[in-house]
Amino acid sequence: MITLKDIAATVGVSPSAVSLVINDRHEGRINAETAQRIRTAVREMGYIPNQLARGLKTKRTHTIGILSDRVASAPFAGHMLEGVQTAAWDAGYLGMVIDTTDRPELMEQSVRSLLQRDIDGLIVAAEYHRQVTLPPIPPTIPLIVLDGVPHGASHADSVVPDEAGGAYAATSHLLEKGHRRIAFCNVGGERFVASRLRYEGYARALREHEAQVDPHHVIELEDTATAEAYRPLQKLLSRKDRPTAIFCFSDQIAFAAYQAADALDLRIPQDLSIIGFDDQRFIADALRPALTTVRLPHYEMGAWAAQRLISRIHGEIKRPPSATRIPCPLIVRGSAGPPSP
């Protein structure tokens with residue numbers, strides 16, 4: 001490991017001179033030429049400040065813990081970790097990630113391991129928008145819930161996608177194209193908070209455009225898998241009063257709608273318009289025509305979580321914890337057009 005002494009010996013100055021330059025306290029003490037030589041040596045030798053030693057002075061380690069639940073392995077949720085890591089790095093912090101791989105018994109051990117490393121704050125990241133049971137940590141350590149809301153009373157801030165707003169934008173897009181028979185392929189049960197919120201956005205858009213929610217055009221599946229959705233969608237599209245457009249809970253379900261339409265010789269978007277949700281890579285951009293969908297703002301949520309956590313660490317925010325919603329933008333591609341005459 002390169003030390004201040006190594007830099008000092010290379011440049012031919014004292015370790016204290018190197019420290020002054022690195023910490024921008026050299027004005028009036030060290031001439032500009034020497035300061036530049038020190039900076040060059042620091043860069044070329046790959047010197048990294050000893051955060052442990054710095055932490056003894058500042059009472060901070062400039063490390064945040066990130067406790068994730070299958071986020072690292074999810075096909076698109078991983079962008080949340082990218083957002084956290086990038087924003088943390090830009091602020092001079094390092095993110096230390098532990099993924100519990102959906103094993104609750106690892107939660108307590110993982111939190112203890114992070115606390116033993118003197119993290120300055122903790123982010124608990126969920127794989128999908130849901131209620132999160134928080135781990136026991138001292139109230140003096142700032143805590144953020146990423147892609148979820150804390151279960152019960154909590155001292156944690158939280159950030160989630162604006163599910164209802166995204167569904168409203170998708171349904172409004174279809175209504176503005178001239179569609180009135182718009183189906184919604186949802187996922188039932190209590191597992192997904194998003195199921196209720198996306199239905200609310202769908203129904204609100206219909207009401208505001210003076211259209212009706214047709215119960216025969218609302219499907220509730222047990223799972224988001226493409227195979228689970230294929231037959232219910234094929235049955236829906238075989239009705240005499242079939243919808244002219246379908247808004248799907250996920251891109252995987254939208255994929256099933258493409259398959260069902262193809263089996264019934266329905267062209268997209270000429271005979272049937274389809275909009276998904278997620279903007280899942282290798283699905284949304286790979287379908288033909290490419291899928292119009294609602295993008296989950298995973299990167300933006302991760303960056304917000306890191307920035308809010310660091311602001312809490314520095315005492316820049318005094319107000320009580322709150323929940324924040326990040327907009328879900330509509331990504332317009334080729335799968336939604338006007339209904340056939």
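Residues numbered from 1 in each chain as written. Predicted model: local features only at pLDDT ≥ 70, side-chain atom pairs only at ≥ 80, totals over all residues. Heavy atoms only, no water.

Naming follows an unreviewed UniProt entry, where the protein appears as Transcriptional regulator, LacI family of Actinomyces urogenitalis DORA_12.

**What to know about the overall build of the protein**
We count it as follows: The way it works is that DSSP assigns letters per residue, a run of H or I at least four long becomes a helix, a run of E at least two long becomes a strand, and they are numbered from the N terminus. All radius of gyration figures rest on C-alpha atoms, and the globule criterion is 2.2 Å times the number of residues raised to 0.38. Buried residues are those whose accessible area, probed at 1.4 Å on protein chains only, stays under 20% of the maximum for their type, while exposed residues exceed 50% and partly exposed ones sit between those limits. Only heavy atoms enter the contact rule, under which two residues are in contact if any of them lie within 4.5 Å. Accessible areas in this description were obtained via Shrake-Rupley with a 1.4 Å probe; residue shielding takes into account the shown protein chains only.
Counting its regular elements, the protein contains 11 helices and 12 strands. The globule rule puts the C-alpha radius of gyration for 341 residues at 20 Å, and the 26 Å found for the protein is more than 25% above it. Its C-alpha atoms give the protein principal-axis dimensions of about 85 × 45 × 35 Å. Evaluated residue by residue, the protein yields a buried proportion of 49% over its 341 residues. Across the protein, contacts joining residues at least 24 apart in sequence account for 68% of those joining residues at least 6 apart. Carbon and sulfur atoms provide 51% of the accessible area of the protein, an area that totals close to 17200 Å².

**Details of the pattern of salt bridges**
Here is the rule: Think of a salt bridge as a Lys or Arg side-chain nitrogen and an Asp or Glu carboxyl oxygen that are within 4 Å of each other.
Taken as a whole and assessed by the stated rule, the structure comprises 10 salt bridges. Arg198 is the salt-bridge partner of Glu163, the closest N and O atoms lying 2.7 Å from each other. Remark: Arg198 occurs in helix α8 (residues 193-208) and Glu163 occurs in helix α7 (residues 163-176); sequence separation between them is 35 residues. Summarising the burial analysis for this pair, Glu163 and Arg198 share the class buried. Arg239 is paired through a salt bridge with Asp241; the nearest N and O atoms lie 2.9 Å apart. Taking relative accessible area as the criterion, Arg239 reaches 30% and is therefore assigned partly exposed.

**Concerning the sheet that holds strand β9 (residues 273-278)**
Put simply, the rule is: When DSSP finds two or more bridges between two strands, those strands count as paired. Each axis is a line fitted through C-alpha atoms, and for a helix only the stretch in contact is used; angles between axes span 0 to 180 degrees, taken between their N-to-C directions.
Taken together, the 6 strands give an open sheet; going across it, the order is β7-β6-β8-β9-β10-β12, and neighbouring strands pair in mixed fashion. In this open sheet, the two edge strands, each paired with only one partner strand, are β7 (218-221) and β12 (330-331). Here strand β6 (residues 182-187) pairs with strand β8 (residues 245-248) via 4 bridges, running parallel. The partner of Cys185 across the bridge, within β8, is Cys248. Where α7 meets the sheet, it contacts β6, β8, β9, β10 (292-295) and β12, and its direction lies at approximately 165° from that of β9.

**Digging into the packing of aromatic side chains**
For the record, the criterion: A pair of Phe, Tyr and Trp rings is counted when the ring centres sit within 6.5 Å of each other, with Trp represented by its six-membered ring. The angle between the planes then sorts it: under 30 degrees is stacked, over 60 is edge-to-face, the rest tilted. In this scheme, the term charge over a ring applies when either NZ of a lysine or CZ of an arginine sits within 6 Å of the ring centre and within 35 degrees of the ring normal.
All told, the structure shown has 7 aromatic pairs when counted by the stated rule. Pairing Phe184 with Tyr199 gives two aromatic rings, centres 6.4 Å apart and planes at 25°, and the pair type is stacked. Highlighted residues: Phe184 in strand β6 and Tyr199 in helix α8, separated in sequence by 15 residues. On the basis of relative accessible area, Tyr199 is assigned to the partly exposed category, the value being 32%. Ring centres of Phe192 and Phe249 lie 5.6 Å apart, and the angle between their planes is 50°; on these two criteria the pair is classed as tilted. Of the two residues, Phe192 sits in the loop between β6 and α8 while Phe249 sits in the loop between β8 and α10 (251-263), which places them 57 residues apart along the sequence. Side by side, Phe192 and Phe249 carry an identical accessibility label, which is buried. An aromatic cluster of at least three residues, connected via ring pairs, comprises Phe184, Tyr199, Tyr202, Phe247 and Phe277. Over the ring of Tyr128 we find Arg130; its NZ or CZ atom is 5.8 Å from the centre of that ring. Between the NZ or CZ atom of Arg204 and the centre of the ring of Tyr168, over which it lies, the distance is 4.0 Å.

**Some points on the pairing of β8**
As a reminder of what qualifies: A crossover counts as right-handed when, viewed with the strands pointing away from the observer, the path leading from the first strand over the helix to the second turns clockwise.
The alternating pattern of β8 places Ala245 and Phe247 on one face and Ile246 and Cys248 on the opposite face, and all of these are buried. The sheet contact formed by β8 and β9 spans 3 bridges and is parallel. Bridged to Ala245 within β9 is Ser273. The β-α-β motif built from β8, the intervening α10 and the parallel element β9 has right-handed crossover chirality.

**Topic: the domain arrangement of the protein**
Convention followed: Segment limits for the domains were obtained from an automatic or database-derived domain assignment.
As far as domains go, the protein holds domain 1 (4-49), domain 2 (58-161 + 298-326) and domain 3 (163-296). Taking only C-alpha atoms into account, the centre of domain 1 sits 61 Å from that of domain 3.

**Focus: the pairing of β7**
Burial along β7 is one-sided: the residues Ile219 and Leu221 are buried and none of Val218 and Glu220 is. As for the winding sense of the linkage, the β-α-β connection from β6 through α8 to β7 is right-handed.

**Observations concerning the sheet that holds strand β1 (residues 63-68)**
With respect to topology, 6 strands assemble into an open sheet ordered β2-β1-β3-β4-β5-β11, the strand pairing being parallel. Looking at which strands have only one partner, the edges of the open sheet turn out to be β2 (94-99) and β11 (323-326). Going across the sheet, the axis of each strand differs from the next one's by a mean of 20°, ignoring polarity. Across the sheet, helix α11 (residues 298-313) lies against β1, β3 (121-132), β4 (143-150), β5 (157-161) and β11, angled at about 150° from β4, the strand it touches most.

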